[in-house]
Every structure is written in C-alpha cells, then in structure tokens.
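# Remarks on the overall topology
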Amino acid sequence: MYFMTYETIQRWIVPDGGKLGLLSTILAGGFAGVANWIIGIPPDVLKSRLQAAPEGTYKKGIREVFARLLKEEGPRALYKGCTPVMLRAFPANAACFLGFEAAMNFLNWIAPSL
C-alpha cells in the first residue's frame, strides 16, 4: 500500500518524462503515509488492545478482541487515535520519502550503470 500509493501519486503529479521535485516528493510521500495508516490503524488498535489486556482476558486471541470491540464500541472504535496518527503520518512519511529519494539519487550518482 505504502509504495504503491507513493508511485501512483508521483505519476499523477509529475507529467510523463518530468523530473520529480521536492514538493511532489513531499506530497506523494505524505499521502502515501496517510493511505498506509488508513489501512493499518484497525489491526494496530486490535494488537494494542490484545497486548494491553490483563493475562487471560482474551482466550481466543485477536478474533475475540475484534468481536468484543465491535459488539461493545462499534466499528468506529477500530479508528481510535486516528487524528494524532494522521497528523504525524503526513510529515513523517514525507520526510521518509525525501530521504529515500536522496539516497536513490546518491546511489545512482556513485554507480550509474548498476
């Protein structure tokens, strides 16, 4: 999800044969992080609930966590903590992809034929 979103947004922003710039890298990287967390938050919430529960609370594992969460709190509970995660996701992943592109440019500069 992460790299697919990054590549797709890059292709939307940069015309064919165009050069990837700083702003397009930031936008594509930031939105890739947001898309990744939209998919990743529910499993992360379930994992955190399972880990934080006292020993023996969930005898059937993650399935029981999921069933109980939906029954007691509804589907919106799968996205608890979404706001702070999204506020962090955009800048953190924009910076990550800036580093990725800088590393790729450096590696292509020192070994262009590989």
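Residues numbered from 1 in each chain as written. Predicted model: local features only at pLDDT ≥ 70, side-chain atom pairs only at ≥ 80, totals over all residues. Heavy atoms only, no water.

## Points about a nonpolar patch on the surface
Where nonpolar side chains cluster on the molecular surface, the patch consists of Phe3, Phe100, Met104, Phe106, Leu107, Trp109 and Ile110 and spans about 750 Å² of accessible area. Here the element with the most residues in the nonpolar patch is helix H4 (residues 82-110); it accounts for six residues. Here leucine 107 is to be found in helix H4. According to the relative accessible area criterion, leucine 107 is partly exposed, its value standing at 46%. (Patch = residues over 30% accessible without salt bridge, like charges linked within 9 Å, V, L, I, M, F, W, Y side chains within 5 Å. Areas by Shrake-Rupley, 256 points an atom, 1.4 Å probe, with all protein chains shown as cover. Salt bridge = Lys/Arg side-chain N within 4 Å of Asp/Glu carboxyl O. Helix = DSSP H or I, 4+ residues; strand = E, 2+ residues; numbered from the N terminus. Buried < 20%, exposed > 50% of the residue type's maximum accessible area, 1.4 Å probe, protein only.)

## Let's talk about the UniProt feature "transmembrane region" (unreviewed entry) in the protein chain
Summarizing the sequence annotation, UniProt attributes the feature "transmembrane region" (unreviewed entry) to residues 20-39 in the numbering used throughout. Here residues 20-39 runs as 90% helix and 0% strand, with 26 Å between its end C-alpha atoms. (UniProt positions renumbered as here; feature names shortened; annotations may be inferred.)

## Notes on the packing of aromatic side chains
Scanning the model with the defined rule gives nine aromatic pairs in all. With centroids separated by 5.3 Å and ring planes inclined at 75°, the aromatic side chains of tyrosine 2 and phenylalanine 3 adopt a geometry described as edge-to-face. A relative accessible area of 16% places tyrosine 2 in the buried class. Aromatic side chains phenylalanine 106 and tryptophan 109 sit 6.0 Å apart centroid to centroid with 40° between the ring planes, which places their arrangement in the tilted category. Of this pair, phenylalanine 106 and tryptophan 109 both sit in helix H4, three residues apart, which is roughly one turn of the helix. Classification of phenylalanine 106 by relative accessible area gives partly exposed; the value is 47%. A relative accessible area of 65% means that tryptophan 109 is categorised as exposed. Each residue in the set Tyr2, Phe3, Tyr6, Phe97 and Phe100 is aromatic and connected to the rest through ring pairs, giving one cluster. (Phe/Tyr/Trp six-rings, centres within 6.5 Å; stacked < 30°, edge-to-face > 60°.)

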